[in-house]
Amino acid sequence: MSLNDGATTRPEDPLTTDPAARHSVARSGAGAVIVTGAAGFIGSHTVEALLGRGDHVVAIDAFTNHYDPSRKRANRAEVEATADRLTQAGSLARLTFVEGDCGDTATLTRAFAVGESMAGMPTTRVIHLAARAGVRSPADQAPDYIQTNVVATTAVLEACRMRGFGEIGDDGAPQGHLVIASSSSVYGGGPPGWDGPLDEAMSADRPLSVYAATKRACELVAHAYTRATGLRATLLRFFTVVGPRARPDLTPSTFAAAIRDGRPLIRFGDGTMARDYTFVGDIVTGILASLDRFELAATGAVEPGEAYEIVNLGNDRPVSLVHYLDTLGSLLDRTPIVAETPIPPSEPYRTWANLAKARRLLGYAPTTTFEDALASFVDWWTATHPPA
């Protein structure tokens, strides 16, 4: 049932969802998984999902101040509590947090060593989610975006290369796989005159923000590594993610606070601007399917794809700002007070994911509506952000 029917069914909690039920790839003998940005919004859910299906996880996070580090500390505490619950229930999966910058060689060296110690074999799977996000930062922040995003991603790629990712193993197949978070922002405003969903074959050479430019640069550097070394890499273009633990600078948090407190909120344009909002649980399912895609292809469950692939992860449903604010107001039982301002040049008018490639290569099929995803965020936000 949706909000339009007068009630909302909350989506399945991504913390307790077991992706192994959907992706029956054996975990035995797979080694640990390194996850960067592991205390962030998407990273913390990803770590819990990996643990839930039996993977050992080495979780890296630098706890930077790009947003309040206490939010990430709270996420880490929740992840560790989940790991403890799983252990008490008989799980053999283990979790180790490595606090440090994934752009630092020493941090990566430590993480790979911890992973090998945990699993008794070298680590050959990495999910790189760490980044500085946000499309509205001023241009003078560009050096930090480049350092945090492009330089750090290159360091992760190089660490993987140095540890044999891409080399041919005894079974005749390339070893190792690196999954890297990208962003729908690389599409910019889309092709001139285009009015449909955005697909991975479209040009992505006109970014509207420094953040978008750095994410596209990461895609290109990863492609060069694949060509030069054989390293297998999957780049995931996330469309606007919604759900519990959302960053405090994202609109669910800022809008919810304004609505609850009776303050005006800033709406860009007349409200027809739209985003392809996607539930964090669906995104995590896509991340794990991406990590497993070569194994899944070997079973015939999905098409094999190439060593290097870029894949959209979205919901295939643009939602207007007007509907977004109406839905959020209904969930909070308050009427939003809206102050309209022109759409900034860093903002595309609409995003919309073409999911044909994700379906073919990952078996990806999002199941959560925007309304239910936003309801799950509100449940979490009201429980963790009591009124002053």
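Residues numbered from 1 in each chain as written. Predicted model: local features only at pLDDT ≥ 70, side-chain atom pairs only at ≥ 80, totals over all residues. Heavy atoms only, no water.

> Is there a simple way to explain the overall build of the protein chain in this structure?
The secondary structure content of the protein chain amounts to 11 helices and 13 strands. Dimensions along the principal axes, computed over C-alpha positions, put the protein chain at roughly 60 × 50 × 40 Å. Within the protein chain, buried positions represent 53% of all 388 residues. Carbon together with sulfur atoms contributes 53% to the accessible area of the protein chain, which is approximately 16200 Å² in total. Once the 35 positive and 44 negative side-chain charges of the protein chain are each reduced to a mean point, those two points are 2 Å apart. (Helix = DSSP H or I, 4+ residues; strand = E, 2+ residues; numbered from the N terminus. Buried < 20%, exposed > 50% of the residue type's maximum accessible area, 1.4 Å probe, protein only. Areas by Shrake-Rupley, 256 points an atom, 1.4 Å probe, with all protein chains shown as cover. Lys, Arg positive; Asp, Glu negative; His and termini not counted. Charge placed at Lys NZ, Arg CZ, Asp CG, Glu CD.)

> Even after reading the chapter, I still don't get the nonpolar core, so can you show me in this structure?
The tendency in soluble globular proteins is for nonpolar side chains to be buried side by side. Counting 72 residues, the largest nonpolar core has V35, I42, I127, F238, I287 and F377 as the members making the most contacts within it. Of the residues forming this core, the biggest block, 8 residues, is contributed by helix 11 (residues 370-384). Judged by nonpolar contacts, the second largest core, of 29 residues, contains A155, L157, I180 and L231. (Core = buried A, V, L, I, M, F, W, Y, C linked by side-chain atoms within 4.5 Å.)

> Could you clarify how one ought to interpret the pairing of strand 4 (residues 125-128) in this entry?
Side-chain direction in a regular strand flips from residue to residue, so the side chains alternate between the two faces of the sheet. Residue alternation in strand 4 divides its side chains into two sets, R125 and I127 and V126 and H128, and both sets are buried. Where strand 1 (residues 33-36) meets strand 4, 4 bridges bridge the pair, whose relative direction is parallel. Along strand 4, the bridge assignment pairs V35 with I127. Where strand 4 meets strand 5 (residues 177-183), 4 bridges bridge the pair, whose relative direction is parallel. The partner of V126 across the bridge, within strand 5, is L178. (Pairing = 2+ DSSP bridges.)

> Looking at this model, I keep getting lost on the sheet that holds strand 5. Mind explaining?
Neighbouring strands of a sheet are bound in pairs by backbone hydrogen bonds; such pairs are parallel or else antiparallel. Read across the open sheet, the 7 strands follow the order 3-2-1-4-5-6-11; overall the sheet is parallel. The two strands at the open ends of the sheet, each matched to only one other strand, are strand 3 (95-99) and strand 11 (308-313). Across the sheet, the mean angle separating the axes of adjacent strands is 20° when strand polarity is ignored. Against the sheet, helix 1 (residues 41-52) contacts strand 1, strand 2 (57-61), strand 3, strand 4 and strand 6 (233-238), and its axis sits at roughly 170° relative to strand 2. (Axes fitted to C-alpha atoms, helices over the stretch in contact; angles between N-to-C directions. Contact = heavy atoms within 4.5 Å.)

> What exactly am I supposed to notice about the side chain of R267 here?
Secondary-structure assignment places R267 in strand 8 (residues 264-268). Separated by 3.2 Å, the side chain of R267 and the backbone oxygen of G269 make a polar contact. Excluding residues within four positions of it along the chain, R267 makes contact with L321, V322, L325, V338, A339, E340 and T341. (Polar contact = N/O pair within 3.5 Å; in protein donor to acceptor, adjacent residues only side chain to side chain.)

> What should I look at first to understand helix 5 (residues 210-229) in this one?
For the α-helix, the turn length of 3.6 residues means that residues three or four positions removed from each other point alike. An ideal rise of 1.5 Å per residue puts 28 Å on 20 residues; helix 5 measures up with 28 Å between its terminal C-alpha atoms. Of all the residues in helix 5, the buried ones are Y211, A212, T214, K215, C218, E219, A222, Y225 and T226. Across the axial projection of helix 5, the buried residues extend over an arc of 165°, all falling on one side. In helix 5, those exposed residues whose orientation departs by more than 90 degrees from the buried face are R227 and A228. (Expected span 1.5 Å × (residues − 1). Arc of directions from axis to C-beta.)

> Would you mind showing me how to read the state of the cysteines here?
Here is the idea: a disulfide is a covalent bond, and it sits between the sulfur atoms of two cysteines. All told, the structure shown has 0 disulfides when counted by the stated rule. Unpaired in this structure, C102 has its nearest cysteine sulfur neighbour in C218, at a distance of 10 Å. On the accessibility criterion, C102 (6% relative accessible area) is buried. (Disulfide = S-S within 2.5 Å.)

> Can you help me understand the confidence of the model for the protein chain in this one?
Any segment with low pLDDT has predicted coordinates that should not be analysed in fine detail. For the protein chain, mean pLDDT is 91; residues scoring 70 or higher make up 93% of the total. For the stretch residues 1-10, pLDDT sits under 50, and the model shows 18 contacts to residues farther than four places along the chain or on other chains. Counting contacts from residues 13-26, a segment whose pLDDT is below 50, to residues more than four positions away or on other chains yields 23 contacts. (pLDDT = per-residue confidence, 0-100.)

> Teacher, can you tell me more about the pattern of salt bridges here?
Tallied over the full model, the rule gives 23 salt bridges. Among the ionic pairs, R247 bridges to D249, the shortest N-O distance being 2.9 Å. Judged by its relative accessible area of 39%, D249 falls in the partly exposed class. In this structure, the salt-bridge partner of R263 is D261, at a minimum N-O distance of 3.5 Å. Given a relative accessible area of 44%, D261 falls into the partly exposed group. (Salt bridge = Lys/Arg side-chain N within 4 Å of Asp/Glu carboxyl O.)

> Any chance you could explain the environment of N312 here in plain terms?
Along the polypeptide, N312 turns up in strand 11. Residues N312 and A358, spaced 46 residues apart in sequence, show a C-alpha to C-alpha distance of 6.3 Å. For N312, the side chain forms a polar contact with the main-chain oxygen of N354, separated by 3.1 Å.

> Would you take a moment to explain helix 3 (residues 105-119) for this structure?
Here helix 3 contains 15 residues, and its C-alpha end-to-end distance of 21 Å stays within 8% of the 21 Å for a straight helix at 1.5 Å per residue. Along helix 3, the residues classified as buried are T107, L108, A111, F112, V114, G115 and M118. For helix 3, the buried positions fall inside an angular range of 160° around the axis, keeping them on one side. Exposed positions of helix 3 whose direction lies more than 90 degrees from the buried face are T105, A106 and S117.

> How should the packing of helix 6 (residues 251-261) against helix 9 (residues 321-332) be read in this particular structure?
How two helices sit against one another is set out by the angle between their axes and by the gap between those axes. In contact at an axis separation of 10 Å, helix 6 and helix 9 are set at 55° when each is read in the N-to-C sense. On the basis of the axis angle, helix 6 is oblique to helix 9. Between helix 6 and helix 9 lies a crossing whose hand is right-handed. Here T251, P252, F255, A256 and I259 of helix 6 lie close against helix 9, whose contacting residues are L321, Y324, L325, L328, G329 and L332. For the contact of helix 6 with helix 9, a count of residues per class yields 9 nonpolar, 2 polar and no charged. (Parallel < 35°, antiparallel > 145°, perpendicular 65-115°, else oblique. Left-handed = near helix turned anticlockwise from the far one by under 90°. Nonpolar A, V, L, I, M, F, W, Y, C, P; charged D, E, K, R; others polar.)

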